[in-house]
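Fold and contact review
Chain by chain, the residues:
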Amino acid sequence: MTITTKMERLALSKGIDGVLKYINKDRQKNLLKLVDITEKIAGDIFLKESYENTRKTIENENCKWMQYVNKLLDELHPNVAKVTALNLGFQASYIGTKTIREKREEHHCNIPWVILLDPTSACNLKCKGCWAAEYGHNLRLSYELLDDIITQGKKLGIYFYMYTGGEPLLCKEDIIRLCEKHKECAFHAFTNGTLVDDDFCEEIVRVGNLSLSISLEGFEEVNDGRRGNGIFKKVLDAMDKLKKHGLIFGTSICYTRANVETVTSDEFLDMIIDKGCRFSWYFNYMPVGSSANVDLIPTIDQREYMYHRIREIRGNEGGKPIFVMDFQNDGEFVGGCIAGGRNYLHINANGDVEPCVFIHYSSANIKDVTLLEALKQPLFMAYHNNQPFNSNHLRPCPMLENPEILERMVKETGAKSTDLQSPESVENLCSKCKAYSCKWKVKADELWECNPHYVEHYQNYKKTAVLSK
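Residues numbered from 1 in each chain as written. Predicted model: local features only at pLDDT ≥ 70, side-chain atom pairs only at ≥ 80, totals over all residues. Heavy atoms only, no water.

1. Looking at helix α5 (residues 78–107)
Residue G96 marks the point of greatest curvature in α5, where the axis turns by about 40°. At the exit of α5 stands H108, carrying a positive phi of roughly 55°. (Bend = angle between axes of the 7 residues up to and from the residue. Helix = DSSP H or I, 4+ residues; strand = E, 2+ residues; numbered from the N terminus.)

Next up, the structure:
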């Protein structure tokens, strides 16, 4: 870090210490001071109204989001709260964002804000329909390679790293070592939760820069029907341990035609909130893999339901005290597809650098090229040159909603299937999405036309956002 960055980080660290020290004396006053410090350091990297809206939220004790923040501060371990604010807030969102923008201009390619890594393809479960299982179970990225990827990433401004799999917690020791070495980075693991124990929780408290998303697809009968008998109870037990230790965690939910209403129900949300979940990622089922069941793709009516329901849950009035994100239906807030290195990429356990965790094609392996070279591979440059793939950001994906685009890009760039167990041609993959994409287009265009939304205007790396309607 530069001297300036170290001084700014120190100033923010002292501000956080002040908030935590006097947390139960005058929380509102100290939180407002922290906003002032943040604005002084970050300046115009965030919109002026963002600071003002944050101040208004803090001053409104009855606001749902202020109650959410108060609960966080009451329940989180102080080290976890502080390190998260410094690493995810200051280092990744402020320092990282500034550096990434500069590097995009310098290298004329996408530079991501977060990298998804598969430490291993192995898993202790055998879940039905798991796309990760397509890779096989004998692949692993060594600690030295993971360390090198993160080291390269930091030079490009990337300070946020997520682990997928396989089951990443099979590599607990490596994950904690990386947290220790890269103390200024934020780390996050998508896990089935069955390997969470008290010893691991204590290690997360110590390092402070690791959070978890636990996979869950519904209540006991549905969840265990896919993941195995007894897994639901193990997941709830893991949540109890994480909450007891004051850790940050949430859920990762794949919604399908069979479970979409259940996993967004008041009953289900109340359960995970009570267990201590702070957020939930929702992912539309993707028909990835030669044996994928297209009948699990949510219907058009269910997709529309998700569009409205997620916004209802997040609403300032009513809703639920949990932050929810819909990978597919929140495209308007991130300018469409974020893959191909625009905001994230995926490196599988074999080292293949893929544009997306759901799109298994590549022409670069991190064992053979640098991270920057991988970002400039033909398929990633095709993403860069074609994004956004649709001006309607409710149709963001080049596979699910614009399959003709993915098929064209893969063919033109010569990218190969990275599924080592059962390679799937891009024609086969995209053929499974064409009927759905045509039907969703009609509804998506109607929603885009009739509802307020943010329209993103992109000129390479410069962006402005205006509220339409």
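2. Topic: the confidence of the model for the protein chain
Atom-level detail of predicted coordinates should not be read off regions where pLDDT is low. The share of residues in the protein chain with pLDDT of 70 or more is 94%, and the mean pLDDT across the chain is 90. Note that pLDDT drops below 50 for residues 457–469; the model gives that stretch 33 contacts with residues more than four away or on any other chain. (pLDDT = per-residue confidence, 0-100. Contact = heavy atoms within 4.5 Å.)

3. Here we look at the packing of aromatic side chains
Under the counting rule described, the total for this entry stands at 16 aromatic pairs. A ring pair is formed by Y163 and F187, whose centres lie 6.0 Å apart and whose planes are at 5°; its orientation type is stacked. Taken together, the residues span a long stretch of sequence, with Y163 in strand β2 (residues 160–163) and F187 in strand β3 (residues 186–191) at a distance of 24 residues. Using a relative accessible area of 0% as the deciding quantity, one classes Y163 as buried. The exposure class of F187 is buried, given its relative accessible area of 1%. Taken together, the ring pairs in this structure connect F190, W281, F283, F327, Y344 and F358 into an aromatic cluster. Over the aromatic face of Y143 sits the side chain of R177, whose NZ or CZ is 3.6 Å from the ring centroid. (Phe/Tyr/Trp six-rings, centres within 6.5 Å; stacked < 30°, edge-to-face > 60°. Buried < 20%, exposed > 50% of the residue type's maximum accessible area, 1.4 Å probe, protein only. Lys NZ or Arg CZ within 6 Å of the ring centre and 35° of its normal.)

4. Overview of the pattern of salt bridges
Across all of its chains, the model carries 34 salt bridges by this definition. A salt bridge links D266 to R309, with the nearest nitrogen and oxygen atoms 2.9 Å apart. One end of the pair, D266, is in helix α11 (residues 266–274); the other, R309, is in helix α12 (residues 300–314), with 43 residues separating them in the sequence. Between R311 and E332 there is a salt bridge, with the nearest N and O atoms lying 2.9 Å from each other. With a gap of 21 residues between them, R311 in helix α12 and E332 in the loop between β7 (323–326) and β8 (344–347) connect regions that are remote in the sequence. Bridged by salt links that share partners, the residues D36, E39, K48, E52 and R55 form one connected network. (Salt bridge = Lys/Arg side-chain N within 4 Å of Asp/Glu carboxyl O.)

5. Regarding the layout of surface pockets
Rolled over the atoms, a probe with the dimensions of a water molecule shows which regions are left empty. Considered as a void within the structure, the second largest pocket measures approximately 200 Å³ in volume. In terms of lining, the second largest pocket is formed by M1, T2, T5, Q91, I95, K98, T99, E102, K154, Y159 and E184. Per-element tally for the lining of the second largest pocket: the top contributor is α5, with five residues. Tallied by class, the residues present in the lining of the second largest pocket amount to three nonpolar, four polar and four charged. (1 Å grid on protein atoms, 1.4 Å probe; cavity = no way out; pocket = protein on both sides within 12 Å on 5 of 7 lines; lining within 4 Å. Points joined across faces, edges and corners; volume = space filled by probe spheres on them. Nonpolar A, V, L, I, M, F, W, Y, C, P; charged D, E, K, R; others polar.)

6. Some details on the domain arrangement of the protein chain
Segmenting the protein chain into domains produces domain 1 (3–79) and domain 2 (92–451). Centre-to-centre, using C-alpha coordinates, domain 1 lies 28 Å away from domain 2. Contact with domain 1, which involves 16 residues of that partner, is made by 29 residues of domain 2. Both faces considered, domain 1 and domain 2 share a buried interface measuring about 1700 Å² in area, 56% of it formed by carbon and sulfur atoms. Together, I45, K64 and W65 form the three largest contributors to the area buried by domain 1 at its contact with domain 2, with a combined 33%. Counting every contact that joins domain 1 to domain 2 gives one salt bridge. Residues E75 and R278 are paired through a salt bridge, measuring 2.8 Å at the closest nitrogen-oxygen approach. Between the two partners, domain 1 and domain 2, sit 11 residue pairs in polar contact (both at pLDDT 80 or more). (Domains from an automatic or database assignment. Buried area = accessible area lost by both parts, 1.4 Å probe. Polar contact = N/O pair within 3.5 Å; in protein donor to acceptor, adjacent residues only side chain to side chain.)

7. Thoughts on the sheet that holds strand β1 (residues 114–117)
As summarised here, the arrangement of the nine strands in space is β7-β6-β5-β4-β3-β2-β1-β8-β9, forming an open sheet in which the pairing is mixed. Strand pairing shows two members of the sheet lacking a second neighbour, β7 and β9 (353–354), which therefore form its edges. Judged from the four bridges that link them, β1 and β2 form a sheet pairing that is parallel. By the bridge assignment for β2, L116 is matched with M162. (Pairing = 2+ DSSP bridges.)

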